[in-house]
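# Architecture and fold: a report
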Amino acid sequence: MLIEQDKQWIEETVQKIIQKMDWVSEKSKHKIPYTTIDGVHNDQSNMEGISWWTNGFWGGMMWLMYHETGNEKYAEVARISEEKLDQCFINYYGLHHDVGFMYLPTAVADYRIKKNAESKKCGLHAANLLAGRFNPIGKFIRAWNDHPGSDNSGWAIIDSLCNLPILYWATEETKDPRFKHIAMMHADTAMEVFIRPDGSSNHIVEFDSEHGGVVKTYGGQGYENGSSWTRGQTWALYGFMMSYIHTGKIEYLNTAKRVAHYFIANIPESGFIPIDFRQPKEPAWEDSTAAAIAASGLIEIAKHVGEYEKDMYLNAAVKLLKALEEKRCNWTEKNDCILENCSAAYHAKEHHFNIIYGDYFFMEAMLKLKGDDLFIW
Ligand code: GLY
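Residues numbered from 1 in each chain as written. Predicted model: local features only at pLDDT ≥ 70, side-chain atom pairs only at ≥ 80, totals over all residues. Heavy atoms only, no water.

### Topic: the pattern of salt bridges
In the structure shown here, the tally under the stated rule is 24 salt bridges. Residue Glu 26 is joined to Lys 73 by a salt bridge in which the shortest nitrogen-to-oxygen separation is 3.1 Å. Of this pair, Glu 26 sits in helix 1 (residues 4-27) while Lys 73 sits in helix 3 (residues 72-91); the two residues are 47 residues apart in sequence, bridging distant segments of the chain. The partly exposed category is assigned to Glu 26, whose relative accessible area is 47%. Residue classification places Lys 73 among the buried residues on the basis of a relative accessible area of 16%. Between Lys 29 and Glu 76 there is a salt bridge, and its shortest N-O distance comes to 3.2 Å. Of this pair, Lys 29 sits in the loop between helix 1 and strand 1 (36-37) while Glu 76 sits in helix 3, placing them 47 residues apart in sequence. Lys 29 gets classed as partly exposed once you look at its relative accessible area, which sits at 23%. (Salt bridge = Lys/Arg side-chain N within 4 Å of Asp/Glu carboxyl O. Helix = DSSP H or I, 4+ residues; strand = E, 2+ residues; numbered from the N terminus. Buried < 20%, exposed > 50% of the residue type's maximum accessible area, 1.4 Å probe, protein only.)

This is how it looks when you write it as structure tokens:
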């Protein structure tokens, strides 16, 4: 249960978000940001960057703000990035398993909120592309596209669980159950082969794309094979929760809870989440995006379990968000992003920078705590 002190903190933090988004939305109106360079949003909306998997989150942030404030300027900015994303369908080759991340917070959100018919068409187009990546013999949705000289046709990743909601939405819209069946077959495979008995998750599983069956696993963006990439744990936690919300299949809720229990048990005293729960102690690299995504997913679990259980999930979410708000948020005008110490991958050259989906999930989680949820997924 949220105590009075928490409620005051939530109110104050949401006010800080509104104040920051008021000027950032004007300043970055014509951009699709991923990160910052010297505190200024970069722009992914050129030809090379337009299909980048995070390009839906800026539009999503604008819809969150529209929902919170009712100010039409946010709908206008959201539509600028939504229109730019149409180019991806023409390019085609750049698109991938992350079309849910791209089109749920943009086109589908626009359709859900404003009933924009063109947006519905784009959402369905994206859902069809995702459904087209399903491998029926291995019962998984294929990740990424081939890199020159490599065959990735058997690769599936835990991240895809958070893209499945675009398939559920397509079935809800069209009444054609094919999309939902594909999503559930992928989720069932993920329950079986990605989630380990202790509730941790693999990042990448390679299947035999011709005959089915698991070939091997990879550590992917985490520390090593068999380790526990924290953002991957959060895609599992949030993704299974969404599969439960859309289908009512109790195994998905139980799996989301199992992953959540593992995650909660591993939250350090500080509340700052490492890139991998099994990384060496030094360097102490963090990933604030994992903390924000986990918090938002934990709040979702809290909404769907009984009174007796819900405080455990809610308290963990509040701990993560308070740690971020107190020490990892930049509320000044010197930086266009909010969250600091975000990291894309353990073995990447750079760590601890701004990443747009960190801001998105932090905002989403805070607004959920306030009770002003906007259903994006
Ligand atoms: N979906 C890719 C990532 O989480 O980095």
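### A look at unusual backbone geometry
For residues besides glycine, phi is generally negative; the peptide bonds are generally trans as well. In this chain, Glu 282 is followed by Pro 283 through a cis amide linkage whose omega measures -5°. Take Pro 283: it is sitting in the loop between helix 9 (250-265) and helix 10 (288-303). Although it is not a glycine, Tyr 92 adopts a positive phi angle of roughly 60°. Structurally, the position occupied by Tyr 92 is in the loop between helix 3 and helix 4 (99-114). A residue is classified by how much of its surface remains accessible, and Tyr 92, at 46% relative accessible area, is partly exposed. A positive phi angle, close to 55°, is found at Lys 139, a residue other than glycine. For Lys 139, the location among the structural elements is in the loop between strand 3 (134-135) and strand 4 (140-141).

### Quick look at the pairing of strand 6 (residues 204-207)
Of the two faces of strand 6, the one lined by Ile 204 and Glu 206 and the one lined by Val 205 and Phe 207 are each fully buried. Judged from the three bridges that link them, strand 5 (residues 155-157) and strand 6 form a sheet pairing that is antiparallel. Pairing of Ala 156 across the sheet is with Val 205, part of strand 6. Pairing analysis gives four bridges linking strand 6 to strand 7 (residues 214-218), with the strands arranged antiparallel. (Pairing = 2+ DSSP bridges.)

### Description of the nonpolar core
If you look at the biggest cluster of nonpolar residues, it comprises 128 residues, and the most contacted ones within it are Tyr 103 and Leu 167. Residue contacts for Tyr 103: discarding those within four places in its chain leaves Leu 85, Cys 88, Phe 89, Leu 95, Val 108, Ala 109, Ala 126 and Ile 166. (Core = buried A, V, L, I, M, F, W, Y, C linked by side-chain atoms within 4.5 Å. Contact = heavy atoms within 4.5 Å.)

### Describing the packing of helix 7 (residues 178-193) against helix 8 (residues 230-247)
Where helix 7 contacts helix 8, the axes come no closer than 11 Å and their chain directions differ by 140°. In terms of axis orientation, helix 7 runs oblique to helix 8. Here helix 7 and helix 8 pass one another in a crossing that is left-handed. The residues of helix 8 that touch helix 7, namely those facing Met 184, Ala 187, Ala 190 and Met 191, are Phe 240, Ser 243 and Thr 247. Tallied by class, residues from the contact of helix 7 with helix 8 come to five nonpolar, two polar and no charged. (Axes fitted to C-alpha atoms, helices over the stretch in contact; angles between N-to-C directions. Parallel < 35°, antiparallel > 145°, perpendicular 65-115°, else oblique. Left-handed = near helix turned anticlockwise from the far one by under 90°. Nonpolar A, V, L, I, M, F, W, Y, C, P; charged D, E, K, R; others polar.)

### Quick look at the site of the ligand
Close to the ligand lie Trp 53, Asp 98, Asp 159, Gln 221, Trp 229, Arg 231, Trp 235 and Tyr 357. One of the side-chain nitrogen or oxygen atoms of Gln 221 is found 2.7 Å away from an oxygen atom of the ligand. Within the side chain of Trp 235, an N or O atom sits 2.9 Å from an oxygen atom of the ligand. Contact with the protein chains covers 93% of the free accessible surface of the ligand, which is 200 Å². Here the ligand is seated within the largest pocket. (Near = heavy atom within 4 Å. Polar contact = N/O pair within 3.5 Å; in protein donor to acceptor, adjacent residues only side chain to side chain. Areas by Shrake-Rupley, 256 points an atom, 1.4 Å probe, with all protein chains shown as cover. 1 Å grid on protein atoms, 1.4 Å probe; cavity = no way out; pocket = protein on both sides within 12 Å on 5 of 7 lines; lining within 4 Å. Sits in = over half its atoms within 2 Å of the grid points.)

### Concerning the layout of surface pockets
Taken as a whole, the largest pocket spans an internal volume of roughly 430 Å³. Forming the walls of the largest pocket are 22 residues, and the residues nearest its centre are Trp 52, Trp 53, His 97, Asp 98 and Trp 144. Class assignment of the residues belonging to the lining of the largest pocket gives a composition of eight nonpolar, nine polar and five charged. Roughly 260 Å³ of volume is contained in the second largest pocket. Lining the second largest pocket are 14 residues, and of these Pro 268, Phe 272, Pro 274, Gln 279 and Lys 281 sit closest to its centre. (Points joined across faces, edges and corners; volume = space filled by probe spheres on them.)

### Some remarks on the sheet that holds strand 7
Read across the open sheet, the three strands follow the order 5-6-7; overall the sheet is antiparallel. Each edge of the open sheet carries a strand with a single partner, namely strand 5 and strand 7. Between one strand and the next, the sheet's axes are offset by a mean angle of 25°, whatever the strand orientation.

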